[in-house]
There are 2 protein chains.
Amino acid sequence: MAKELKDLTKRADNYSQWYNDLVLKADLAEPSAVRGCMVIKPYGYAIWEKMQRQLDDMFKETGHVNAYFPLLIPKSFLSREAEHVEGFAKECAVVTHYRLKNAEDGSGVVVDPSAKLEEELIIRPTSETIIWNTYKNWIQSYRDLPILCNQWANVFRWEMRTRLFLRTAEFLWQEGHTAHATREEAEEETVKMLHVYSDFAEQYMAVPVVKGVKTPSERFAGALETYTIEAMMQDGKALQSGTSHFLGQNFAKAFDVQFVNQENEMEYVWATSWGVSTRLMGALIMTHSDDNGLVLPPKLAPIQVVIIPIYRNEEQKKAIDQQVSEISKQLKGLGISVKYDDADNKRPGFKFADYELKGVPVRLVLGARDLENSTIEVMRRDTLQKETRPLNGIVEYVKELLDDIQDSIYEKAYDFRTDNTFEVDTYDEFKEQIEKGGFILAHWDRTAETEELIKEETKATIRCIPLNGDKTPGKCMVTGKPSECRVVFARSY
Amino acid sequence: MAKELKDLTKRADNYSQWYNDLVLKADLAEPSAVRGCMVIKPYGYAIWEKMQRQLDDMFKETGHVNAYFPLLIPKSFLSREAEHVEGFAKECAVVTHYRLKNAEDGSGVVVDPSAKLEEELIIRPTSETIIWNTYKNWIQSYRDLPILCNQWANVFRWEMRTRLFLRTAEFLWQEGHTAHATREEAEEETVKMLHVYSDFAEQYMAVPVVKGVKTPSERFAGALETYTIEAMMQDGKALQSGTSHFLGQNFAKAFDVQFVNQENEMEYVWATSWGVSTRLMGALIMTHSDDNGLVLPPKLAPIQVVIIPIYRNEEQKKAIDQQVSEISKQLKGLGISVKYDDADNKRPGFKFADYELKGVPVRLVLGARDLENSTIEVMRRDTLQKETRPLNGIVEYVKELLDDIQDSIYEKAYDFRTDNTFEVDTYDEFKEQIEKGGFILAHWDRTAETEELIKEETKATIRCIPLNGDKTPGKCMVTGKPSECRVVFARSY
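Residues numbered from 1 in each chain as written. Chains lettered and ligands numbered in written order. Predicted model: local features only at pLDDT ≥ 70, side-chain atom pairs only at ≥ 80, totals over all residues.

### Things to note about the overall build of chain A
Now for step 1: Secondary structure summary: chain A contains 15 helices and 26 strands in total.
Now for step 2: Counting only C-alpha atoms and orienting by the principal axes, one finds that chain A spans roughly 80 × 70 × 55 Å.
Now for step 3: Within chain A, residue pairs in contact and separated by at least 24 positions form 68% of the contacts whose partners lie at least 6 positions apart. (Helix = DSSP H or I, 4+ residues; strand = E, 2+ residues; numbered from the N terminus. Contact = placed C-beta atoms within 7 Å.)

Spelled out as structure tokens, the structure:
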């Protein structure tokens, strides 16, 4: 592993290769035998589980419940909402048959042509259609509203170019689908969930995000408004990390979901949907990690503290074991996850490199001499700083250190984003700056034509119209036409 | 609802219809627009989540970790293990294309014939093949073993006759897949997980189970040995509730997974797999529920205690609210989930019927007169017994009551099973008894022919050769040939 670690590409040499190396070497995920589909390995899945658990708690605190809807969607459902079918029906996995049979030449199994489905089924790329078809039977009156459902599920989109976590054909996600009696309530829900996502990203992932609204051309297919959180990676590119959609009455109309309102009139139901996916793993990895491996925020680290003994004989080992047992017990009592790695078939140096690669936030090393001096060595993963501390009070120190790491990596990422966000007023400046990466705040005339031109010429897209940005009007950097406010441009994943 | 409740079919009238009514009316699940696939509604999913959480904790306590493997499996993988393909390749969902396109007549979308896959993909009916194909790259030496992975996932089997939770085309489950260096260790793991399942069924679901071994004809396709837990439903039929398979080296050989053992020799890896599914929901519902609706074990009830106020004016309501707030706080402090239903648009009688239907274990009713007398009405769902208790000490009383309900419903189910388990020595007796339902303990000559004959003539199958049964030898009730011990026969779901 110490050898393998050296093989981790440096960020400065090839950022993209560094990311891929890291995902593989830290045992997070790997490609599978099925094109575009990944295997999420136990260590990667343990991080995803911590993210899931926290998000699920936040959804429930905001009044949501979980449910489960079918994996397969009748083909005709996709056509019901005109924009939706354009966005999602094209690249998808199509189930056409329901049986295999033995090949006549004995070479294995073949599709049984007599088992052709009357109507093909699509593996869900997203579940608005099947869910709104279901909601039709759940909603008669305003008393049945709101419905605040979330689903944890796998979805499938036939992507041509895939990258582990960032873009895979199958991915895991949650999709919230809510139904409301009024437009106002649905709009409020859309924004509320955007804030749940940004709170999660900032407070748990330690990833600062820009909250904003997508331009019409970047909206979810079928939405009236798409809100987004956008994070900046260390190469200056943007990563869309979560979206929340105000769907208006589009899906209610497509699936004829009406209700009797308080005025006793029939009305179409108002909808939202919102989701985050295993893509968040990509954001987490790329925001904090370094040339030595992963850097994990303590709140999402499967192992928060690793303890490694250094000893020459069994007597020393026994004394260390005893001390570690006491420290572990106290740390666990504070809700801190601890691993004592006393495996004797690996050298300490190997273990050090391995836990650095895996991003364990705090490493404690206890040797025989430490015991004599009543000290212990503490290393924090984010800065790799080592110090020798008195054993007395070490548990409280580690607890504070974990909080400090959580805050520090957020601040580091926040400062990085600040240093790489630029206000630009001319298109020439823009073209120059975009090559260096980062977020560019510039004026835009709110036309799809200008947006498209900029995208074609610079590969930069409008990530969002920020909710909390400077609202000073100005002139479009390309056309000189009036602009209400600066928007965020970047190249993106 | 009070009206709808009356529509619940009585068990004695039509057990099968009662089950279906109950699943629908208690808002557990419903059929979907996709044949054979169900929608798991929020209340049903909340129960499943509690089951998942508990099982997941038990898996982790026994050293397992979670991971995630692809939904789709290349068709050729299924053919690698000869028995496996016979068992699973036949009725499955086959993905043949990866794109739709607009129909030329504008009628919607059609499959794009140019987007035909070279090799078809199968939606996983179970994941042994894709997982062992992955393990091949994870295992080189005995040091890489054991691998103790579990996956929470959806799977798909094209079932012709489906019933909510009991048999659906898509279902949710967990599948453990472990890899070991020795036969002994894999066999130990298989049995260990059987015990985890039976502990879960008995201690959490309050469902007594018979642990045993399947006959060769009932084995999992590709297994050397299949262990099972079998529960008895109230109609006397058996429900297979969980299985644990010793796979020997079959999948290692099919996917060429070898390792260097401690003697420095190449050897095939030993395997197990084990799973429980949303089918457990069916077992839970059918074991305890009655003609008034669900009866849930307190340990898995999403709401353990419901409190309903009865009042004539706002002043009374305010006094009740205050008292309830205190009780709720104390109950929650003990980790008990409480719902205070003070909705004023539903009559108390409607609420009573609704929470009975939903199986909430304990109902507290607090009225103005109760407040005057410092009393409260307590009803336990399992027996529907009501009593008036002093407010003083009510929290401790409820806590003990929940424990008592958990124990009582287990005992009730245990006694029911005992009363409906029969030792039978002749085939004539057997044929008579099987019509009345229940488990029959009888001698069998261990041949597939006799097993098949009994199945054809009586619709009874051998549920298992019980691990803890009477080991007295005897003579087969059909052929008179020697039998090592009695086995469990029953009709089954």
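After presenting the structure, the write-up continues.
### As for the environment of A:Glu387
Now for step 1: Tracing the chain through its elements places A:Glu387 in strand β20 (residues 386-390).
Now for step 2: Separated by 232 residues in sequence, A:Glu387 and A:Val155 place their C-alpha atoms 46 Å apart.

### Regarding the sheet that holds strand β21 (residues 386-390) of chain B
Think of a sheet as strands paired side by side through backbone hydrogen bonds, with each pair either parallel or antiparallel.
Residues and elements named next belong to chain B.
Now for step 1: Taken together, 5 strands build an open sheet; the order of strands is β18-β17-β19-β20-β21 and the sheet is mixed. The sheet is open, and its two edges are formed by β18 (338-340) and β21, each paired on a single side. Across the sheet, the axes of successive neighbouring strands diverge by a mean angle of 25°, strand direction being ignored.
Now for step 2: For strand β19 (residues 362-367) and strand β20 (residues 375-380), the ladder comprises 4 bridges, and the chain directions are antiparallel. Bridge pairing in β20 links valine 362 to arginine 380. (Pairing = 2+ DSSP bridges. Axes fitted to C-alpha atoms, helices over the stretch in contact; angles between N-to-C directions.)

### Quick notes on the relation of the copies chain B and chain A
Now for step 1: When chain B is fitted to chain A, the residual RMSD is 0.0 Å, and the transformation amounts to a turn of 180° plus an axial shift of 0.0 Å. Within this description, the copies of the chain are treated as partners about a two-fold rotation axis. Across chain B, the rotation axis passes nearest the C-alpha of B:Val95, at a separation of 2.1 Å. (Least-squares fit on C-alpha atoms with pLDDT ≥ 70 in both.)

### A short note on unusual backbone geometry
With the exception of glycine, most residues fall at negative phi, and the peptide bonds are largely trans.
Now for step 1: With an omega of -5°, the peptide bond running from A:Leu145 to A:Pro146 counts as cis.
Now for step 2: Even without glycine at this site, B:Asp27 takes up a positive phi of about 60°.
Now for step 3: Under the C-beta neighbour-count criterion, B:Asp27 is labelled partly exposed, with 15 such atoms within 10 Å. (Buried ≥ 20, exposed ≤ 12 C-beta atoms within 10 Å, placed from the backbone.)

### Some points on the nonpolar core
Now for step 1: Core analysis: the largest hydrophobic core is formed by 293 residues, its most contacted members being A:Cys92, A:Met205, B:Cys92 and B:Met205.
Now for step 2: Non-local contacts of B:Cys92, meaning those with residues more than four positions away in its chain, are made with A:Leu100, B:Ile122, B:Ile123, B:Pro125, B:Phe156, B:Arg157 and B:Trp158. (Core = buried A, V, L, I, M, F, W, Y, C linked by C-beta atoms within 7 Å.)

### Considerations on the domain arrangement of chain A
Residue and element names in this part refer to chain A.
Now for step 1: Structurally, chain A comprises domain 1 (2-70 + 132-288), domain 2 (305-401) and domain 3 (422-490).
Now for step 2: Each of domain 1 and domain 2 was reduced to a C-alpha centroid, and the two centroids are 37 Å apart.
Now for step 3: Taken together, the 5 residues of domain 1 in the interface contact 5 residues of domain 2.
Now for step 4: Considered class by class, the residues forming the side of domain 1 that touches domain 2 number 4 nonpolar, no polar and 1 charged. (Domains from an automatic or database assignment. Nonpolar A, V, L, I, M, F, W, Y, C, P; charged D, E, K, R; others polar.)

### Describing the sheet that holds strand β22 (residues 439-443) of chain A
All names here are of chain A.
Now for step 1: What the 11 strands build is an open sheet, ordered β3-β8-β9-β15-β12-β11-β10-β23-β26-β22-β21; its pairing is mixed. Single-partner strands in this sheet number two, and they are β3 (65-66) and β21 (421-423).
Now for step 2: Of the strand pairs in this sheet, strand β12 (residues 238-248) and strand β15 (residues 270-277) are connected by 5 bridges, and their pairing is antiparallel. Bridged to phenylalanine 246 within β15 is threonine 272.
Now for step 3: In this fold helix α7 (residues 183-203) packs onto β9 (170-180), β10 (209-213), β11 (225-232), β12 and β15, with an angle of close to 165° to the strand it touches most, β12.

### Considering the interface of chain B and chain A
Now for step 1: Contacts between the two partners involve 51 residues from chain B, matched on the other side by 51 residues from chain A.
Now for step 2: A total of 7 residues in the side of chain B that touches chain A trace back to one element, the largest contributor, which is strand β5 (residues 91-97) of chain B.
Now for step 3: Grouping the constituent residues of the side of chain B that touches chain A by class yields 33 nonpolar, 10 polar and 8 charged.
Now for step 4: Alignment of strand β5 (residues 94-102) of chain A against β5(B), held across 4 bridges, turns out to be antiparallel. Paired with A:Val95 across the two strands is B:Val95, which belongs to β5(B).

### Comments concerning the packing of helix α10 (residues 314-333) of chain B against helix α13 (residues 394-419) of chain B
Residues and elements named next belong to chain B.
Now for step 1: Where α10 contacts α13, the axes come no closer than 10 Å and their chain directions differ by 45°. Considering their axes alone, α10 and α13 lie oblique with respect to each other. Between α10 and α13 lies a crossing whose hand is right-handed. Contact residues: α10 offers Ile327, Gln330 and Leu331, while α13 offers Ile394, Val395 and Val398.
Now for step 2: A class-by-class count of the residues in the contact of α10 with α13 yields 5 nonpolar, 1 polar and no charged. (Parallel < 35°, antiparallel > 145°, perpendicular 65-115°, else oblique. Left-handed = near helix turned anticlockwise from the far one by under 90°.)

### Looking at α7(A)
Residue and element names in this part refer to chain A.
Now for step 1: With 21 residues, α7 extends 30 Å from end C-alpha to end C-alpha; this agrees with the ideal 30 Å at 1.5 Å per step.
Now for step 2: Every buried residue of α7 is listed here: Ala186, Glu189, Thr190, Met193, Leu194, Val196, Tyr197, Ser198, Phe200 and Ala201.
Now for step 3: The inward-facing, buried residues of α7 contact α3 (42-61), β9, β10, β11, β12 and β15. (Expected span 1.5 Å × (residues − 1).)

### A short note on the pairing of strand β24 (residues 461-466) of chain B
Residues in a regular strand point their side chains to alternate faces of the sheet.
All names here are of chain B.
Now for step 1: Relative to β24, strand β11 (residues 209-213) runs antiparallel, the two being bridged by 2 bridges. Pairing of glycine 212 across the sheet is with proline 466, part of β24.
Now for step 2: Alignment of β24 against strand β27 (residues 486-490), held across 3 bridges, turns out to be antiparallel. Looking at the pairing, isoleucine 462 lines up with phenylalanine 489 of β27.

### Comments concerning the environment of A:Gly212
Residue and element names in this part refer to chain A.
Now for step 1: Take glycine 212: it is sitting in strand β10.
Now for step 2: In the structure, glycine 212 is positioned 251 residues away from arginine 463 in sequence and 8.2 Å away in space, judged by C-alpha atoms.
Now for step 3: Here glycine 212 is in contact with Thr228, Glu230, Cys464, Ile465, Pro466, Leu467 and Val488, once residues within four sequence places are set aside.

### Here we look at the environment of A:Leu284
All names here are of chain A.
Now for step 1: Residue position: leucine 284 is located in helix α9 (residues 279-288).
Now for step 2: For leucine 284, a count of 28 C-beta atoms within 10 Å gives the class buried.
Now for step 3: Residues leucine 284 and valine 295 lie 11 residues apart in sequence; the distance between their C-alpha atoms is 8.8 Å.
Now for step 4: Beyond its immediate sequence surroundings of up to four residues, leucine 284 is in contact with Met205 and Val207.

### Concerning the confidence of the model for chain A
Close inspection of predicted coordinates is inappropriate in any region flagged by low pLDDT.
Now for step 1: Put simply, chain A has an average pLDDT of 96, and 99% of its residues get 70 or more.
Now for step 2: If you check the scores for this complex, the pTM reads 0.97 and the ipTM reads 0.96. (pLDDT = per-residue confidence, 0-100.)

### Quick look at the pairing of β19(B)
Now for step 1: Of the strand pairs in this sheet, strand β17 (residues 305-310) of chain B and β19(B) are connected by 6 bridges, and their pairing is parallel. Counted as the bridge partner of B:Ile310 is B:Gly367 from β19(B).

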